[in-house]
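# Survey of secondary and tertiary structure
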Amino acid sequence: MQGGAEGLALDSVQDQVAQGRWTIPDLVLIAFAGLVGSILGLEIETGSVVIVALAGQFLFTAGAVALVGRARQRDYRRLGFVVEGRDAMLVVLGMGLQVALAIVFLPVARLVGLETDPQVLTGEVAAIGGLYRRMAVFLLIGLIGPVLEELMFRGILIDALGARFGRRGVLFWSAAAFAAFHLTGISTVQPLESAAVLVPQLFLFGVVLAHLRISRGRLGPAIFTHAGFNLLSLLVLVLYPEIV
């Protein structure tokens, strides 16, 4: 793989729209399908509402990627869904970014008076008990979630943006969309304060992930970096209360 040229979805602004290119409407349809899946999951009576809602969201998202791609004759190769064994090392990078961003934005959280976690899901995950339920959470949030979000934002979206923007534009707008997407799960207790802390963190993280996607020409590095970021959060949420 030389300079990430092979399989790279990003083209110059002057290029004609390639046959099989993914589009922003494709992404909107897929994101909407995921939302429907999560709502349907919430309607199911179970002791693990969070797990069922996440499973519904991810199942509908994956199904929508397959259906939209087939119905609209999109080229799946343009998504760059290639994973190599060495990518697993980037889990450490993701964990490091989680720690670094938390430290950098701690003064911001204090400045705006944030007294709760900026994401609703955090508290819900921390309350989950039982070995099997926790394993399910680690699988959903630590692995499946990163795979699907990378397909959406560093696969489909980057391919779509590559028809209109150069590298900097793609980095900026893909990261902005990634951060905005996560506002759907923001805390309702302190929404403005939570957004002030969460959005910049996720924007910077999105820039890193987009850079990895573009420079390597495939999704593997971004997937494992994203997984490391999520996994460290899960480890703290699940293990910290028991340790202390």
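Time to look at the overall build of the protein. Counting its secondary structure elements, the protein contains nine helices and zero strands. Each helix and strand of the protein, placed in order from N terminus to C terminus, yields the pattern α-α-α-α-α-α-α-α-α. Buried positions account for 44% of the 244 residues belonging to the protein. Look at the contacts in the protein between residues 6 or more apart in sequence, and 82% of them connect residues 24 or more apart.

Before going further, it helps to examine the environment of leucine 151. Within the element layout of this structure, leucine 151 appears in helix α6 (residues 131-161). By relative accessible area, leucine 151 is classed as buried at 12%. Sequence separation between leucine 151 and threonine 61 is 90 residues; the distance between their C-alpha atoms is 10.0 Å. What leucine 151 contacts, discounting residues up to four positions off in sequence, is Leu79, Phe81, Ile156 and Leu219.

Here the focus is unusual backbone geometry. In this structure, glutamine 73 takes a positive phi of about 55 degrees despite not being glycine. By the secondary structure assignment, glutamine 73 is in the loop between α2 (49-71) and α3 (91-104).

Okay, the nonpolar core next. Among the nonpolar cores identified, the biggest contains 48 residues, and Trp22, Ile30, Val137 and Phe205 are the most heavily contacted of them. If you list the elements that add at least two residues to this core, you get α1 (24-42), α2, α3, α6, α7 (167-181), α8 (191-216) and α9 (220-243). Among the elements that take part in this core, α6 stands out by supplying eleven residues, more than any other. Leave out the neighbours within four places in its chain, and tryptophan 22 touches Ile30, Val65, Val68, Gly69, Arg74, Asp75, Tyr76, Arg78, Leu79, Ile156, Asp159 and Ala160.

A separate point is the packing of aromatic side chains. Counted under the stated rule, the structure contains eight aromatic pairs. Plain terms: the ring middles of tryptophan 22 and tyrosine 76 are 5.6 Å apart, the flat faces sit at 65 degrees to each other, and that makes the pair edge-to-face. Taken together, the positions of tryptophan 22 in the segment before α1 and tyrosine 76 in the loop between α2 and α3 put the pair 54 residues apart, joining distant regions of the chain. Relative accessible area serves as the criterion here: at 37%, tyrosine 76 is assigned to the partly exposed category.

Our next topic: the packing of α3 against α8. Packing of α3 against α8 leaves a shortest axis separation of 10 Å and a crossing angle of 155 degrees. The angle between α3 and α8 falls in the class roughly antiparallel. Of the two elements, α3 crosses α8, and the hand of that crossing is right-handed. Where α3 abuts α8, its residues Leu93, Leu97, Leu101 and Ala102 lie against Gln201, Leu204, Phe205, Val208 and Leu212. When the residues that make up the contact of α3 with α8 are grouped by side-chain class, the tally is eight nonpolar, one polar and no charged.

The next point concerns the confidence of the model for the protein. Low pLDDT means the predicted atomic positions in that stretch should not be read closely. In the predicted model, the protein carries a mean pLDDT of 89, and 89% of its residues have values of at least 70. Contacts from residues 1-17, a stretch scored under 50 in pLDDT, to residues over four places away or in other chains number 38 contacts.

In this section: the side chain of asparagine 230. Along the polypeptide, asparagine 230 turns up in helix α9. Its relative accessible area of 16% is what places asparagine 230 among the buried residues. Contact partners of asparagine 230, with chain neighbours within four places excluded, come to Ile141, Gly142 and Pro146.

What counts and what doesn't
- Residues numbered from 1 in each chain as written.
- Predicted model: local features only at pLDDT ≥ 70, side-chain atom pairs only at ≥ 80, totals over all residues.
- Heavy atoms only, no water.
- Helix = DSSP H or I, 4+ residues; strand = E, 2+ residues; numbered from the N terminus.
- Buried < 20%, exposed > 50% of the residue type's maximum accessible area, 1.4 Å probe, protein only.
- Contact = heavy atoms within 4.5 Å.
- Core = buried A, V, L, I, M, F, W, Y, C linked by side-chain atoms within 4.5 Å.
- Phe/Tyr/Trp six-rings, centres within 6.5 Å; stacked < 30°, edge-to-face > 60°.
- Axes fitted to C-alpha atoms, helices over the stretch in contact; angles between N-to-C directions.
- Parallel < 35°, antiparallel > 145°, perpendicular 65-115°, else oblique.
- Left-handed = near helix turned anticlockwise from the far one by under 90°.
- Nonpolar A, V, L, I, M, F, W, Y, C, P; charged D, E, K, R; others polar.
- pLDDT = per-residue confidence, 0-100.

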